[in-house]
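Summary of structural features
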Amino acid sequence: MHEKERHRIILSAVQERPVATILELCSMTGASEATIRRDVSALDEDKKLRRVRGGVEALHPNQFPSLAGRPFAINEAINITQKQAIARRAVELCDDGEPIIINGGTTTFQMVHPLATRRCQVFTNSFPIAEHLLKNSKNTVLMSGGVIYREQNIVLSPFDNDVTRNFYARRMFMGAQGVGPLGVMEADPLIIQAEQKLIGQADELVLLVDSGKFESRSSLVLCPLNGIDVLITDDGISDRAAAMVESADIKLIVVPAGAAKEEAAS
């Protein structure tokens, strides 16, 4: 990741919370602690943020609610070719008329393009997914209610009696912050709470993650690996990660990363 891109992520992160720690910034950027400390020093000297003990804070903090993790606008462009190929394969699992859940995220968002030719019943907590499907497809779209989180473009409800409990889905499609031996990981407890409610409403859970997510880690586990039915990823997955997935009795679908480019060109 280039320096300018790291700086964008750091500046975005410090607008989301009172203090962003060095370790959090390392996780968001994939950079070493030494590199992040140099970035922080440079941004502090340029008076773009304030360096504090163990991390950084914004000069003018955002007063709106936010979640841990990189914002949607930044994540969207990362590994875009892999995400498009994974999403296209995911939509191949769907039949017309089928009720499905698509959780908010930048990989799941790429499902909207191949879904333009389908007529499914789509439940989502993602503004970008709902808006695109409403404008460019004949799918039926339902959204959950709750608090709007601008940076991630999703709606999360803290209540148990929301519309989530009334929707049944054949499949739920979701992304993740990371995947490891302990299971599927996310960055924020509110995301964990919302996704666990949705997981219980679907017969089959399909995880969409690019191969880089097997190198990412978080402190919060959403569900164990054996809670996943199907995992779709790109051909950058390591043999070790593939063996981990298959040992958990998950159906592993590996998509060539160039598939999205080839489809676009044809």
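Provided above is the structure to which this section pertains.
In this convention, every chain numbers its residues from 1, walking through the sequence in written order. Given that this is a predicted model, residues contribute local features only at a pLDDT of at least 70 and side-chain atom pairs are listed and counted only at 80 or more, while totals for whole chains, interfaces and linings are drawn from all residues. Heavy atoms from the whole structure form the basis of all side-chain values; hydrogens and water molecules are not counted.

1. Let's talk about the sheet that holds strand β11 (residues 183-186)
Paired strands, as defined in this entry, are two strands with at least two bridges between them according to DSSP. The secondary structure listing takes helices from DSSP runs of H or I that are at least 4 residues long and strands from runs of E that are at least 2 residues long, numbered from the N terminus. Within the open sheet, the three strands sit side by side as β10-β11-β13. Their pairing is antiparallel. The sheet is open, and its two edges are formed by β10 (178-180) and β13 (220-223), each paired on a single side. In this sheet, adjacent strand axes meet at a mean angle of 40° when their direction is disregarded. In this sheet, β13 lies alongside β11 in antiparallel orientation, the contact comprising three bridges. If you follow E186 over to β13, its bridge partner there is L220. The contact criterion used is simple: two residues touch if any of their non-hydrogen atoms lie within 4.5 Å. Angular values range over 0 to 180 degrees, each being the angle between N-to-C directions of two axes fitted as lines to C-alpha atoms, with helices fitted over their stretch in contact. Helix-sheet contacts for helix α8 (residues 189-199) involve β11 and β13, and the interaxial angle to β13 is about 10°.

2. Observations concerning the nonpolar core
M174, V184, L207, F214, I228 and L231 are the most contacted members of the largest nonpolar core, which has 29 residues in total. The element that contributes the greatest number of residues to this core is helix α9 (residues 239-247), accounting for four residues. With residues near it in sequence (within four places) discarded, M174 still touches N103, T108, V184, E195, I199, L205, V206, L207, L208, L222, C223 and I228. The set of buried Ala, Val, Leu, Ile, Met, Phe, Trp, Tyr and Cys residues whose side-chain atoms join them within 4.5 Å is what this entry labels a nonpolar core. For every residue, the accessible area obtained with a 1.4 Å probe (protein chains only) is divided by the maximum for its type, and the residue is called buried under 20%, exposed over 50%, and partly exposed between those limits. M111, V141, V230 and I253 belong to the second largest nonpolar core, which has 26 residues in total.

3. Here we look at the pattern of salt bridges
Between Lys or Arg on one side and Asp or Glu on the other, a salt bridge is scored when a side-chain nitrogen of the former is within 4 Å of a carboxyl oxygen of the latter. Here the structure, examined in full by the defined rule, presents seven salt bridges. For K135, the salt bridge is made with E131, and the minimal N-O distance between the two is 3.1 Å. One end of the pair, K135, and the other, E131, are both in helix α7 (residues 127-136), four residues apart, so they sit about a helical turn from each other. Exposure remark for K135: the relative accessible area of 62% places this residue in the exposed category. Among the residues examined, E131 registers a relative accessible area of 44% and is labelled partly exposed. Between R171 and E204 there is a salt bridge, and its shortest N-O distance comes to 2.7 Å. Taken as a pair, R171 in strand β9 (residues 169-174) and E204 in strand β12 (residues 202-208) lie far apart in primary sequence, 33 residues in all. R171 sits in the buried class, given a relative accessible area of 11%. Here E204 falls in the buried class, since its relative accessible area comes to 18%. Taken together, the salt bridges that share partners define one network made up of E98, R171 and E204.

4. Details of the side chain of Q201
Positionally, Q201 belongs in the loop between α8 and β12. For Q201, a relative accessible area of 16% translates into the label buried. For Q201, the contacting residues outside a window of four places in its chain are I101, T164, R165, N166, F167, Y168 and A169.

5. Notes on helix α3 (residues 33-45)
The first and last C-alpha atoms of α3 sit 18 Å apart over 13 residues, in line with the 18 Å expected at 1.5 Å per residue. For α3, every residue scored as buried is listed here: T35, I36, D39, V40 and L43. In an axial view of α3, the angular spread of the buried residues amounts to 135°, which keeps them on one side of the axis. Turned more than 90 degrees off the buried face of α3, the exposed positions are R38 and E45. Count one or two residues on from α3 and you reach K47, which has phi positive near 60°. The span you would expect from a helix comes to 1.5 Å times its residue count less one. Picture the helix axis, draw a direction to every C-beta atom, and the arc is the one those directions span.

6. Side note on the environment of F167
Along the chain, F167 turns up in the loop between β8 (154-156) and β9. In this structure F167 comes out as buried when scored by relative accessible area, which is 8%. Separated by 31 residues in sequence, F167 and L198 place their C-alpha atoms 8.9 Å apart. For F167, the residues in contact, after removing those within four places along its chain, are P99, I100, I101, Q121, F123, L142 and Q201.

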